[in-house]
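# Descriptive analysis of the structure
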Amino acid sequence: MKSSAWIWRITASVSVIVTIVLILGFVYAFKDINDPQGQPLLTGGGSEASEEKTAPEKPESAPLQAVLPNDLKVAAIGDSLAKGTGDNTGSGFVRRSVDQLNGDGRTASLLANLAINGMTTEGLLPKLDDKGIQYALKQANVIMLSIGGNDIFQGSGLMEGAADSDELELEPAKLMAALPQASERLQAILEKIRLINPDARIVYIGLYHPFSDLEDLLIPGNIVVSAWNHAVMEIVNRDPNMTLVPTFDLFQHKLGEYLSSDHFHPNGAGYQAIADRIVEGML
């Protein structure tokens, strides 16, 4: 009888406790619905994020590219591509670009084309100390530069046409051995041109692979040219008033249409495609 009384007392006590808990839960839920207090999400598993609300930092804005003036004065420097070798009209991408830039309220004129056939980064770098070259570059507000193709392909036998494609074994590692020093010289060239002319738009013409139609040379050449263009992009991106004009994709499947008879330099159509890309990138 006594044990039965104890059981009833325990049951009653538990019922009271459960009732109190339910009432408190109802009150809390009612308050949360009518006056919600959101909790911040934790980031990185830490509790510090919930202690203090901080305004998000605004990302630093990238330097803006300088606006081109309406009176464009163009100078070109570099290798045979800048000279226009292979174009029956002699215009090359330089003259064709200048002609296209004329119009829509702009005037464009070619002050000087200082390009030399066979020029390499090693040959161009000291030439930038020449007072006559410096004077021409100082007068321009657009400087077009093509350099690097000879650094990569000279000595391979391809440019001279002396070797048969079946006899050539171009190894990417061997071709890429010249890239580190050549890219360092290119950086020095761009820095020196910028020192000579602090305000001009510098337009660098990227490389294409002129031998991608030869099966044994497709992959080695693609690797080296892509590596060069990537290295150039990293250099050019440091200056908001420099532009890299890519040409790799232009020639990739159109060598028969865009190359001259020497199988290295563009023909008129190839130079026109480059000029179109230059103007598109500048305007």
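Residues numbered from 1 in each chain as written. Predicted model: local features only at pLDDT ≥ 70, side-chain atom pairs only at ≥ 80, totals over all residues. Heavy atoms only, no water.

## Notes on the pattern of salt bridges
Per the stated rule, a full pass over the model turns up five salt bridges. A salt bridge links Asp87 to Arg96, with the shortest nitrogen-to-oxygen separation between them at 3.0 Å. Owing to a relative accessible area of 8%, Asp87 belongs among the buried residues under this scheme. The partner of Asp151 in a salt bridge is Arg185, and the shortest N-O contact between them spans 3.5 Å. Pair noted here: Asp151 is in helix α7 (residues 149-153) and Arg185 is in helix α9 (residues 179-196), with a separation of 34 residues, a long-range link. Given a relative accessible area of 13%, Asp151 falls into the buried group. (Salt bridge = Lys/Arg side-chain N within 4 Å of Asp/Glu carboxyl O. Buried < 20%, exposed > 50% of the residue type's maximum accessible area, 1.4 Å probe, protein only. Helix = DSSP H or I, 4+ residues; strand = E, 2+ residues; numbered from the N terminus.)

## Observations regarding the packing of aromatic side chains
Applying the stated criterion to the full structure yields six aromatic pairs. Judged by centre distance (6.3 Å) and plane angle (40 degrees), the rings of Phe93 and Tyr271 are tilted. Here Phe93 is found in helix α4 (residues 92-101), whereas its partner Tyr271 is found in helix α13 (residues 268-282), with 178 residues between them in sequence. Exposure class is identical for Phe93 and Tyr271. Each is buried. Seen from their ring centres, Phe251 and Tyr258 are 5.5 Å apart, and the 65 degrees between their planes marks the pair as edge-to-face. Take Phe251 and Tyr258: they sit in the same class, and that class is buried. Taken together, the ring pairs connect Phe153, Phe211 and Phe264 into an aromatic cluster. (Phe/Tyr/Trp six-rings, centres within 6.5 Å; stacked < 30°, edge-to-face > 60°.)

## Structural notes on unusual backbone geometry
The backbone of Asp104 sits at a positive phi, close to 55 degrees, despite the residue not being glycine. Inspection of the secondary structure puts Asp104 in the loop between α4 and β2 (107-113). Its identity as a non-glycine residue notwithstanding, His263 has a phi of 65 degrees, on the positive side. Along the polypeptide, His263 turns up in the loop between α12 (255-258) and α13.

## Notes on the pairing of strand β3 (residues 142-146)
With five of five residues buried, β3 is to be regarded as a mostly interior element. Where burial is concerned, the two faces of β3 agree: the one with Val142, Met144 and Ser146 and the one with Ile143 and Leu145 are both buried. Sheet topology places strand β1 (residues 71-78) next to β3; five bridges connect them, and they run parallel. Paired with Val74 across the two strands is Val142, which belongs to β3. Bridge count for β3 against strand β4 (residues 201-205) is four bridges, and the pairing is parallel. In the sheet register, Val142 faces β4, and the bridge partner there is Arg201. (Pairing = 2+ DSSP bridges.)

## Some thoughts on a nonpolar patch on the surface
Together, Met176, Leu218, Ile219 and Ile223 make up a nonpolar patch on the protein surface, roughly 320 Å² of accessible area in all. If you tally residues by element for the nonpolar patch, the top one is helix α10 (residues 215-236), at three residues. Its place among the elements puts Met176 in helix α8 (residues 172-176). We classify Met176 as partly exposed; its relative accessible area is 31%. (Patch = residues over 30% accessible without salt bridge, like charges linked within 9 Å, V, L, I, M, F, W, Y side chains within 5 Å. Areas by Shrake-Rupley, 256 points an atom, 1.4 Å probe, with all protein chains shown as cover.)

Purely geometric stuff here, so don't read any function into it on its own.
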